[in-house]
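Each chain, written out:
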Amino acid sequence: SKGNFEEDSQKQPAVGHWKTLMPSKGSKEEPETGCQNAGGVDETQSTEQLNVSRLRSSSVEIREKGSEFLKEELHKAQKELKLKDKECERLSKVREQLEQELEELTASLFEEAHKMVREANTKQAASEKQLREARGKIDMLQAEVTALKTLVITSTPSSPNRELHPQLQSPSKAVFRKGHGRNKSTSSAMISAANQNVTPEPVSHECREVDSILFAEFQAWKESPTLDKSCSFLDRIYREDVGPCLDFTKQELSELVRVAVEQNTLTIEPVASQTLPAVKMSAEECGGPKKCALSGLPRICKHRIMLGDSGNYYYISPSCRARITAVCNFFTYIRYIQQGLVRQDVELMYWEVMRLRREMSLAKLGFYPSEM
């Protein structure tokens, strides 16, 4: 500020040293007055210049101090921005980590939920399958119990069972027990004879003779019982009885029925009291209540069969049911022999096998009980 002031003083001329070149006449004191006025003007100007210089110096100082203050504030703001940037970067990393963990947790929860659903569906399917198998086993056990009861009352050569041999009964009982049609004259004569208390002539026991070839084959099979049809005993029965008995019009379905009977996976249930399992399955019902699926003929079907766990039902006529039941009874009996459940003499077992073969032959010819 002092330097500025000196420069300003050097540039301006000294007013006090000026002299008038042509003073006016009659006034000798004018130069002194002019000098006094000039000195006052100089003092005023110097004061103003001093004030201006002071203002300039103060404004410069203010600017310098303001710039320093602003620099400090800017430096502080930059530091704060750096800290905030670091904090934002840290928070963004935390956010990314949380989002990643959330995605992983969501994915794991969905995977666990799908896994639980799959396990539940698998368990439900297994339970439903076990239920169907249990029902099939119950039906099979009921059939086996019936067969065992039949075995208990099976006739022997010494004491034949008249219930299993209708030809040993009286003619009147035979008429009423069998459902075969007869002419009215014969039926009336027999009924009148029964009403008159006419005692029928005693019927002798049926004559039976053991076939040496069949008995030898059965004895050989009895030594090591098996269900393999390659042995001579079962091969003959397959050719002579099982094959013809299960030979229906629908060849493809007949083959499936034969396989199911051999594997003991065939189920027969009445149509009137059918109870379908409460599961969703594509059950294809072939035939109908008035059409047999095996013969293809219009018949009143009171039963239907299911092959294994396929869920497909086929309506069958009483004749077809009698043929299938006869074959099932035969296989049930030889399974009992194979498992060692039959404690009888070899000859008695042989005659029981022959009786079951006769049932298959009669069923093949179309004879079946009326209750079927």
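Above this text is the structure in question.
Residues numbered from 1 in each chain as written. Predicted model: local features only at pLDDT ≥ 70, side-chain atom pairs only at ≥ 80, totals over all residues. Heavy atoms only, no water.

Concerning the overall build of the protein
Part 1 of the argument: Looking only at helices and strands, the protein has nine helices and four strands in total.
Part 2 of the argument: The helix and strand sequence of the protein, counted from the amino end, reads α-α-α-α-α-α-α-β-β-β-β-α-α.
Part 3 of the argument: Residue pairs in contact within the protein that sit at least 24 positions apart in sequence constitute 67% of those at least 6 positions apart.
Part 4 of the argument: Summed over its atoms, the accessible surface of the protein is roughly 26,600 Å², and 55% of this surface lies on carbon and sulfur atoms. (Helix = DSSP H or I, 4+ residues; strand = E, 2+ residues; numbered from the N terminus. Contact = heavy atoms within 4.5 Å. Areas by Shrake-Rupley, 256 points an atom, 1.4 Å probe, with all protein chains shown as cover.)

Thoughts on the pairing of strand β3 (residues 303-307)
Part 1 of the argument: Of all five residues making up β3, five are buried, and the element is well covered by its neighbours.
Part 2 of the argument: Alternating residues of β3 divide into H303, I305 and L307 and R304 and M306, and every residue in both groups is buried.
Part 3 of the argument: Sheet topology note: the strand β1 (residues 266-270)/β3 ladder contains five bridges and is antiparallel. Within β3, the residue paired with E269 across the bridge is R304.
Part 4 of the argument: In this sheet, strand β4 (residues 313-316) lies alongside β3 in antiparallel orientation, the contact comprising four bridges. Within β4, the position partnered with M306 by the bridge is Y313. (Buried < 20%, exposed > 50% of the residue type's maximum accessible area, 1.4 Å probe, protein only. Pairing = 2+ DSSP bridges.)

Concerning the packing of aromatic side chains
Part 1 of the argument: Taken as a whole and assessed by the stated rule, the structure comprises eight aromatic pairs.
Part 2 of the argument: Among the aromatic residues, those joined into a cluster by ring pairs are F215, F218, W221, F233, Y350 and W351.
Part 3 of the argument: The ring of W351 has R208 sitting right over it, with the charged end atom 4.5 Å from the ring centre.
Part 4 of the argument: When the ring centre of Y238 is taken as origin, the NZ or CZ atom of K229, which lies over that ring, is 5.2 Å away. (Phe/Tyr/Trp six-rings, centres within 6.5 Å; stacked < 30°, edge-to-face > 60°. Lys NZ or Arg CZ within 6 Å of the ring centre and 35° of its normal.)

Some thoughts on helix α9 (residues 346-365)
In an α-helix there are 3.6 residues to a turn, and that puts residues three or four apart on one side.
Part 1 of the argument: Here α9 is 20 residues long and its end C-alpha atoms lie 29 Å apart, about the 28 Å a rise of 1.5 Å per residue gives.
Part 2 of the argument: Residues M349, Y350, W351, E352, V353, M354, R355, L356, R357, M360 and A363 constitute the buried set of α9.
Part 3 of the argument: Where α9 begins, the side chain of D345 points an oxygen toward the backbone nitrogen of E347, at a separation of 3.2 Å.
Part 4 of the argument: Two residues or fewer after α9 comes G366, characterised by a positive phi angle close to 105°. (Expected span 1.5 Å × (residues − 1). Polar contact = N/O pair within 3.5 Å; in protein donor to acceptor, adjacent residues only side chain to side chain.)

A closer look at the nonpolar core
Part 1 of the argument: Core analysis: the largest hydrophobic core is formed by 47 residues, its most contacted members being V242, V257, L294, I324 and F330.
Part 2 of the argument: Counting only elements with at least two residues in this core, the list comes to α5 (212-223), α6 (232-245), α7 (251-263), β3, β4, α8 (318-339) and α9.
Part 3 of the argument: Considering each element in turn, this core owes the most residues, ten residues, to α8.
Part 4 of the argument: With residues near it in sequence (within four places) discarded, V257 still touches L266, L294, I305, L307 and I324. (Core = buried A, V, L, I, M, F, W, Y, C linked by side-chain atoms within 4.5 Å.)

Observations regarding α5
Part 1 of the argument: For α5, with twelve residues, the first-to-last C-alpha span of 17 Å sits near the 16 Å given by 1.5 Å per residue.
Part 2 of the argument: For α5, the complete set of buried residues consists of L214, F215, E217, F218 and W221. Looking down the long axis of α5, one finds its buried residues gathered within 160° of arc, a one-sided arrangement. Exposed and oriented more than 90 degrees from the buried face of α5 are S212, I213 and E223.
Part 3 of the argument: In this structure, the buried side of α5 is in contact with α6, α8 and α9.
Part 4 of the argument: Regarding α5, its N-cap is D211, as a side-chain oxygen of that residue lies 3.1 Å from the backbone nitrogen of I213 further along. (Arc of directions from axis to C-beta.)

Observations concerning the packing of α6 against α9
Each packed pair of helices is defined by two parameters, the angle between the axes and the distance between the axes.
Part 1 of the argument: In the contact formed by α6 and α9, the axes pass within 8 Å of each other and the chain directions differ by 30°. Judged by the inter-axis angle, α6 sits roughly parallel to α9. Along this stretch, α6 crosses α9, giving a crossing that reads as left-handed. On α9, the residues touching F233, R236, I237, E240, D241, V242, P244 and C245 of α6 are V353, R357, M360, S361, A363 and K364.
Part 2 of the argument: When grouped by side-chain class, the residues that make up the contact of α6 with α9 number eight nonpolar, one polar and five charged. (Axes fitted to C-alpha atoms, helices over the stretch in contact; angles between N-to-C directions. Parallel < 35°, antiparallel > 145°, perpendicular 65-115°, else oblique. Left-handed = near helix turned anticlockwise from the far one by under 90°. Nonpolar A, V, L, I, M, F, W, Y, C, P; charged D, E, K, R; others polar.)

Considerations on the pattern of salt bridges
Opposite charge on two side chains permits them to pair, given that their charged atoms come into close proximity.
Part 1 of the argument: Applying the stated criterion to the full structure yields 13 salt bridges.
Part 2 of the argument: Here E99 makes a salt bridge to R95, at a shortest N to O gap of 3.2 Å. Of the two residues, E99 and R95 both sit in helix α2 (residues 30-152), four residues apart, roughly one turn of that helix.
Part 3 of the argument: A salt bridge links R357 to D241; the shortest N-O distance between them is 2.3 Å. You can see R357 sitting in helix α9 and its partner D241 sitting in helix α6, a full 116 residues away along the chain.
Part 4 of the argument: Judged by relative accessible area, R357 falls into the buried class, the value being 8%. (Salt bridge = Lys/Arg side-chain N within 4 Å of Asp/Glu carboxyl O.)

Digging into a nonpolar patch on the surface
Part 1 of the argument: The grouping of L102, L105 and L109 at the surface amounts to a nonpolar patch, some 310 Å² of accessible area in total.
Part 2 of the argument: Counting through the fold element by element, L102 comes out in helix α2. (Patch = residues over 30% accessible without salt bridge, like charges linked within 9 Å, V, L, I, M, F, W, Y side chains within 5 Å.)

What about the pairing of β4?
Part 1 of the argument: Where burial is concerned, the two faces of β4 agree: the one with Y313 and Y315 and the one with Y314 and I316 are both buried.
Part 2 of the argument: Where β3 folds back on β4, the antiparallel hairpin that results is connected by five residues, among which G308 adopts a positive phi of roughly 65°.

Structural notes on the packing of α5 against α9
Part 1 of the argument: Close contact between α5 and α9 brings their axes to 11 Å; oriented N to C, the two are set at 115°. Compared by their axis directions, α5 and α9 come out roughly perpendicular. Seen along the crossing, α5 lies across α9 with a hand that is right-handed. Residues L214, F215, F218, Q219 and K222 of α5 lie in contact with α9, whose contacting residues are V346, E347, M349, Y350, V353, M354 and R357.
Part 2 of the argument: Of the residues in the contact of α5 with α9, the class split is eight nonpolar, one polar and three charged.

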